[in-house]
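Spelled out from the first residue to the last, the chains are:
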Amino acid sequence: MAERIKPRTLKGFRDYLPQAMLAREQLIDTAREVFRRYGFAPIDTPALEYLEILTGKGGEETDKQLYKFQDHGGRWVGLRFDLTVPLARFAAQHFQQLGTPLKRYHIAPVWRGENTQRGRYREFLQCDFDTLGSESLTADIETVLVIHDLLRALGLEEFTIRVNNRRVLNGWLELLGLKDQATAVLRALDKLAKVGPEKVIQEMIQRTGATPHQAQEVLRLAQIQGPTDQVLRQAAELLSCSELGTQGVEELSQLVRAAQVAGVPPQRLCVDLSIARGLDYYTGTVYETFLVPLPQIGSVCSGGRYDNLVELYSPEHLPGVGASLGLDRLLAAMEELGLLPQGATPAQVLLVHFQTQDLEHYLQVASALRAQGVNVDLFPEPKRLEKQLKYADRRGFRFALILGPDELEQGCCQLKDLQQRSSRQFPLDELEQLAQFILQQCSQGVGAPSGKRL
RNA sequence: GUGGCUGUAGCUCAACUGGUUAGAGCGCCAGACUGUGGAUCUGGAGGUUGGGGGUUCGAGUCCCCUCAGCCACCCCA
């Protein structure tokens, strides 16, 4: 034997074991359901794009994190960094066939060559939903509602959606004469929650050439806190001389009011005038979502309005708004909080293999149950009953179905409820009943078997 | 990409200031027990101590490089 190859995976890239993958798929299914409930339709795009498509917008930082290389034909290509830029390209290319508004969701991996940490990987799944071709605030409002419904549907209760509006910030920077350094100023501002006001001011002065007074003034707006109404009123006063800023404040207050009317509790939605977002392409509303018990892990769902992005690829004006759920980050958080389902099998029933001479009976019963929608795992070999039950127990099966010689003789089967530690008999000629019973039992207490909710 | 901490069996961790053949629990496989699961007992498999190089009579332990994980910066899902 030649030298063995060491099995390993690249930094920031991971394998997913069945238990992890079951949880992942459950989240994906939930996200898909919520997106569809709002009328978003699925699309997909290639992982690899021409480099020029990807480097168009986003900022120098994103360019640095881009995986890029020359393909066999010498073309410069890159792995997509997010799903928004590919969407802009996609829209520019296809909107004439699709028409507007274009509401799409896209669940797919993206790649960023940055340093790893908990909840930060080089390959991770994003679940994006966006509305293109509408400037209406309705789309911004629905974006909040989707984020809210999405997290609720995933079993999360304690989270805060923080919203801001780039117009508010830009209007203020205009008044302060900092318009030209907007990107750098906003980048410094974005760190407010993390490093505190002194360091933000320091960075603004050093990196953007702002005067101490200007920097102070930026923070005067961003640090407004308190009840949403009050924050908005104070912001409106500060920005009364700015048309852009006033418009931004107006949009924000409409957004918040509408979201509350639609059922988003006030404690889950707050206006935070320091939220800036690093990506250059945002123009209006911006969103970030934090889990109350786990703020360090960062935003699990962010996005915003980008009215000019598609113009990089098309002469057509196609404004857009949307957000992205960071599924892998969320999964890391939920794992830490013990909110993930524990089972390692998608099947509800383990069909015990007693003796191979009865295999045909097993196969018939399994088929009948599967035809009714029950997931059945037939044990492949006649191991000791104890072993098979232990296997079922360890893997997290809810039921074991025993069909031994005694049962066959009596024309019945024994259904063991491994959770309740009980068992009952069912006649073999009425397997629909058995199937109904199993499905009914399993549908009670849906979601995480742990029963925990955040 | 920069800096810090860490890296021993599938998992969680032991192994005095460098000292003989690297141990335990859990898990896995098998048996006690060819018909009843979170129990007990017995046995077994599983390690070139992340990988490579160096210092030394001798390295899991010290040094360098590399890979990976975590943390901070940066940025972000």
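For the structure itself, consult the block above.
Residues numbered from 1 in each chain as written. Chains lettered and ligands numbered in written order. Predicted model: local features only at pLDDT ≥ 70, side-chain atom pairs only at ≥ 80, totals over all residues. Heavy atoms only, no water.

Novice: Is there a simple way to explain the sheet that holds strand S9 (residues 285-291) in this structure?
Specialist: By definition, the strands of a sheet pair up through backbone hydrogen bonds, in either a parallel or an antiparallel sense. Taken in spatial order, the 8 strands make up an open sheet running S1-S5-S6-S11-S10-S9-S7-S8, and their pairing is mixed. Because the sheet does not close on itself, it has two edges, and the strands there are strand S1 (41-42) and strand S8 (269-271). The strands touched by helix H6 (residues 166-176) are strand S7 (159-165), S9 and strand S10 (301-306); relative to S7, the strand with the most contacts, the crossing angle is about 45°. (Pairing = 2+ DSSP bridges. Helix = DSSP H or I, 4+ residues; strand = E, 2+ residues; numbered from the N terminus. Contact = heavy atoms within 4.5 Å. Axes fitted to C-alpha atoms, helices over the stretch in contact; angles between N-to-C directions.)

Novice: Sorry if this is basic, but what is going on with the packing of aromatic side chains here?
Specialist: Here the structure, examined in full by the defined rule, presents 10 aromatic pairs. Seen from their ring centres, phenylalanine 379 and tyrosine 391 are 5.1 Å apart, and the 80° between their planes marks the pair as edge-to-face. One end of the pair, phenylalanine 379, is in the loop between strand S13 (376-378) and helix H15 (385-395); the other, tyrosine 391, is in helix H15, with 12 residues separating them in the sequence. Phenylalanine 379 sits in the buried class, given a relative accessible area of 8%. The exposure class assigned to tyrosine 391 is partly exposed, which follows from its relative accessible area of 23%. A network of ring pairs unites the aromatic residues Phe35, Phe40, Tyr105 and Phe129 as a single cluster. (Phe/Tyr/Trp six-rings, centres within 6.5 Å; stacked < 30°, edge-to-face > 60°. Buried < 20%, exposed > 50% of the residue type's maximum accessible area, 1.4 Å probe, protein only.)

Novice: So what exactly am I meant to see when it comes to the nonpolar core here?
Specialist: Grouped burial of nonpolar side chains is what soluble globular proteins tend to show. Counting 80 residues, the largest nonpolar core has Phe35, Leu151, Val163, Leu221, Leu273 and Leu330 as the members making the most contacts within it. Not counting chain neighbours up to four residues away, the residues in contact with leucine 221 comprise Val168, Leu169, Trp172, Ala235, Leu238, Leu239 and Leu273. Within the second largest apolar cluster, 23 residues are counted, among which are Ala88, Phe95, Leu102 and Tyr306. (Core = buried A, V, L, I, M, F, W, Y, C linked by side-chain atoms within 4.5 Å.)

Novice: Looking at this model, I keep getting lost on the side chain of aspartate 417. Mind explaining?
Specialist: As for its position among the elements, aspartate 417 is in strand S15 (residues 412-417). On the basis of relative accessibility, which here comes to 7%, the residue aspartate 417 falls in the buried class. Side-chain polar atoms of aspartate 417 contact the backbone nitrogen of glutamine 419, separated by 3.0 Å. The residues touching aspartate 417, leaving out its near neighbours within four places in the chain, are Arg398, Phe399, Ser422 and Gln441. (Polar contact = N/O pair within 3.5 Å; in protein donor to acceptor, adjacent residues only side chain to side chain.)

Novice: Looking at this structure, I do not really get the pairing of strand S5 (residues 102-111). What am I missing?
Specialist: Look at any regular strand and the pattern is simple: side chains alternate between the two faces of the sheet. Summarising burial for S5: 7 of the 10 residues are buried, a large majority. Where S1 meets S5, 2 bridges bridge the pair, whose relative direction is parallel. Directly across from proline 42, in S5, lies its bridge partner tyrosine 105. Relative to strand S6 (residues 123-132), S5 is paired through 10 bridges, and the arrangement is antiparallel. Across the sheet, the residue bridging to lysine 103 is threonine 131, located in S6.

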